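Inside the fold
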Amino acid sequence: MSSDLRFYTQVVVLRRLPMIVAVFLILAGAAAYMALTLPPMFTSQARLLVEAPQIPDNLASSTVSTSAAEQLQVLQQRVSTRSNLIELARKHRVYPSIDEMTPDQIVDRMRGDLVMRTVTGRDQATIMTVTFTARSGEVAANVANEIVTGILDENVKLRTGAAGDTLAFFQQEVQRLGTALDEQSTKIIDFQNSNLNALPSGQAYRLSQQTALQERLAQARRELGQLDTQRQNLLNLFAATGTIGGQTQANSPEGQLAQVQAELNQARTVYSDTNPRVRMLEGQVARLEEQVTRMKGEARGEASEAGSGEAGQPGDAAPAAARGPETTGNPLLDVQLSELDSRRQYLQQLIPEIEAQMADLARSIDATPANSIVLDGMQRDYENIQAQYNAARASLAQAATGERIELSAKGQRITVIEQATAPTEPTSPNRKKIAAAGVGAGLAAAVGLVGLLEMLNSRLRRPADLTSKLNIIPLATIPYIAAPGETARTASWTLAKIGAVAVLVFGALYLVHTQYMPLDLVMDKVRTRMGL
């Protein structure tokens, strides 16, 4: 074990010492160069707080229902758009070489320097931090504050715009439903006017009217038959006896008048004065009264003619119209027959009228069920539109309240609890940390490179290698004896190679920093790619 340690110490380390030193110096020097050349960076931070609505939701709620975390994400995306970042960078001259930078480079640098984080949780306040890093503390503070202002403006614009859009939507909806409600009302009224005699509301009246007309038709037909029978009986009686003196008082016009008057009085106790039966009985009473009056006048005329000796021409005393179309020579019989014929003529005219009325009623009654279905459908549509209109009106009132809440900033809002200020000390780079990291990386790289070369070296360099690889035991070994000046030439060549590598490394770093991209941006990209 001691021989192996001595071998690696004297042979490996000493022989590889120039390489170890070269690798260490190159990496440590590169780190030191970066620590010295990286420009100082200043970081400024602002803090925002999402406050709960100042008016309880059970009293009046806003129509903007976006959660705090979602709202902050939306605002973050709006203020960090490509155009906004380019405008901010050029307005505040964030980078010294911004005029030579492309828009993509500006956006990449701005998104790398700008950090917006949101901290939230259950039963916790929602806080957002806006951090910006720049080469000047004043620039960092100005950019951070302008981003905060943009967040506040976008928040107000977003919430008031959403509330205004909601209000405008429900205003249009109320107007649309109101117009639809008026149109549906007009349709219902037009349908009712065009089917006025066949509406469901008058079906009970039409059925009762139909029943009354049926009774009236049956009564008219019965009365017509009775009149025919009565007329035939009068003619038969007159033909058999030559006189109608034997007629009962009930069949005389005076008896009929008394009977009809009794029926009229009884009907008035049951029906109104406008009832068809009451009107029919009143007409009968009027006609019978006229007949009785005429008969009495004719009787007085006959008596006066008999006293003057002119009784042989009774037919000339009465006008032809009074005797009717058929005369028997007996004035009383002619009057009764005329009354019966007039009554028959009236009934014969009345029956077709009643039948026509019944036909019209039947058509209306038959059409009522179909009209009822159509009207019910139209009424349901009206009620549905009315319910939607009422709901839209309620939503409109809520939307108007929500808009007033947002315009007066009484809803959920974002406030600045800490403005961004210009820092007096740079926050990066940490030059000591970079230099220490370079020293550590140089040592690790040198040791690792030497170890890798030794693992790949398969040459025989000591007696133990002969035994392990050739399975022979040497009697003696002759060490390598360098020629005069060989050691110096080897050391000089090694130092030349180390110097060349160092020049190449530092030259490459300088070219990258000046010609391609500053080293701080390169480091930012490396950290971004590595997720650091």
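Heads up: the structure comes first, above all this text.
About the cut-offs
Residues numbered from 1 in each chain as written. Predicted model: local features only at pLDDT ≥ 70, side-chain atom pairs only at ≥ 80, totals over all residues. Heavy atoms only, no water. Pairing = 2+ DSSP bridges. Helix = DSSP H or I, 4+ residues; strand = E, 2+ residues; numbered from the N terminus. Axes fitted to C-alpha atoms, helices over the stretch in contact; angles between N-to-C directions. Contact = heavy atoms within 4.5 Å. Phe/Tyr/Trp six-rings, centres within 6.5 Å; stacked < 30°, edge-to-face > 60°. Lys NZ or Arg CZ within 6 Å of the ring centre and 35° of its normal. Salt bridge = Lys/Arg side-chain N within 4 Å of Asp/Glu carboxyl O. Parallel < 35°, antiparallel > 145°, perpendicular 65-115°, else oblique. Left-handed = near helix turned anticlockwise from the far one by under 90°. Nonpolar A, V, L, I, M, F, W, Y, C, P; charged D, E, K, R; others polar. Patch = residues over 30% accessible without salt bridge, like charges linked within 9 Å, V, L, I, M, F, W, Y side chains within 5 Å. Areas by Shrake-Rupley, 256 points an atom, 1.4 Å probe, with all protein chains shown as cover. Buried < 20%, exposed > 50% of the residue type's maximum accessible area, 1.4 Å probe, protein only. Core = buried A, V, L, I, M, F, W, Y, C linked by side-chain atoms within 4.5 Å.

Glancing now at the sheet that holds strand S4 (residues 413-418). To summarise the sheet geometry, strands pair through backbone hydrogen bonds and adopt either a parallel or an antiparallel arrangement. If you trace the four strands from one edge of the open sheet to the other, you get S2-S3-S1-S4, paired in antiparallel fashion. Every other strand in the sheet has two partners, leaving strand S2 (114-119) and S4 as the edge strands with one partner each. Each strand axis lies, on average, 25 degrees off the axis of its neighbour in the sheet, ignoring direction. Across the face of the sheet, helix H2 (residues 68-79) comes into contact with strand S1 (42-51), S2, strand S3 (126-134) and S4 while running at roughly 25 degrees to S3. Packed onto the sheet, helix H4 (residues 103-113) meets S2 and S3 and runs at close to 40 degrees relative to S2.

All right, on to the packing of aromatic side chains then. In this structure the tally under the stated criterion is one aromatic pair. Against the face of Tyr346 rests Arg287, its NZ or CZ located 4.9 Å from the ring centre.

Counted according to the given criterion, the structure contains 13 salt bridges. A salt bridge links Glu173 to Arg176; its shortest N-O distance comes to 2.5 Å. With Glu173 and Arg176 both in helix H5 (residues 137-194) and three residues apart, the pair spans about one turn of that helix. Between Asp360 and Arg363 there is a salt bridge; the shortest N-O distance is 2.1 Å. With Asp360 and Arg363 both in helix H11 (residues 331-407), this residue pair falls three residues apart, about one helical turn.

Relative orientation of the contacting elements H2 and H5 amounts to 120 degrees, with a least axis distance of 9 Å. Our classification of the angle between H2 and H5 gives oblique. Considering only the axes of H2 and H5, their crossing is right-handed. On H5, the residues that touch Gln71, Val74, Leu75, Arg78 and Val79 of H2 are Ile147, Gly150, Ile151, Glu154, Asn155, Leu158 and Arg159. Taken together, the residues of the contact of H2 with H5 sort by class into six nonpolar, three polar and three charged.

Moving on to a nonpolar patch on the surface. A contiguous nonpolar patch, built from Leu452, Met455 and Leu456 and spanning about 380 Å² of accessible area, is present on the exposed surface. Mapped onto the elements, Met455 comes out in helix H12 (residues 431-456). A residue is classified by how much of its surface remains accessible, and Met455, at 71% relative accessible area, is exposed.

Let us look at the environment of Gln259. Within the secondary structure, Gln259 is located in helix H7 (residues 253-270). When the C-alpha atoms of Gln259 and Val285 are compared, they prove to be 9.3 Å apart, with 26 residues separating the residues in sequence.

A positive phi angle, close to 50 degrees, is found at Arg93, a residue other than glycine. When you line up the elements, Arg93 lands in the loop between helix H3 (82-92) and H4.

With that settled, consider the environment of Leu114. Mapped onto the secondary structure, Leu114 falls in strand S2. Under the relative-accessibility criterion, Leu114 is labelled buried at 11%. For the pair Leu114 and Ala140, spaced 26 residues apart in the sequence, the C-alpha separation amounts to 9.6 Å.

Topologically, Glu290 is positioned in helix H8 (residues 276-307). Separated by 49 residues in the primary sequence, Glu290 and Glu339 have C-alpha atoms spaced 10.0 Å apart.

A few words on the nonpolar core. Ranked by internal contacts, the top residues of the largest apolar core, which has 33 residues, are Val94, Met110, Met116, Val130, Phe132, Ile147 and Ile151. Those elements giving two or more residues to this core turn out to be S1, H2, H3, H4, S2, S3 and H5. The element best represented in this core is H5, accounting for seven residues. Beyond its immediate stretch of four places on either side in the chain, Met110 contacts Leu85, Leu88, Ala89, Val94, Tyr95, Phe132 and Val143. By size, the runner-up hydrophobic cluster in this structure holds 17 residues, among which are Leu217, Leu224, Leu347 and Leu350.

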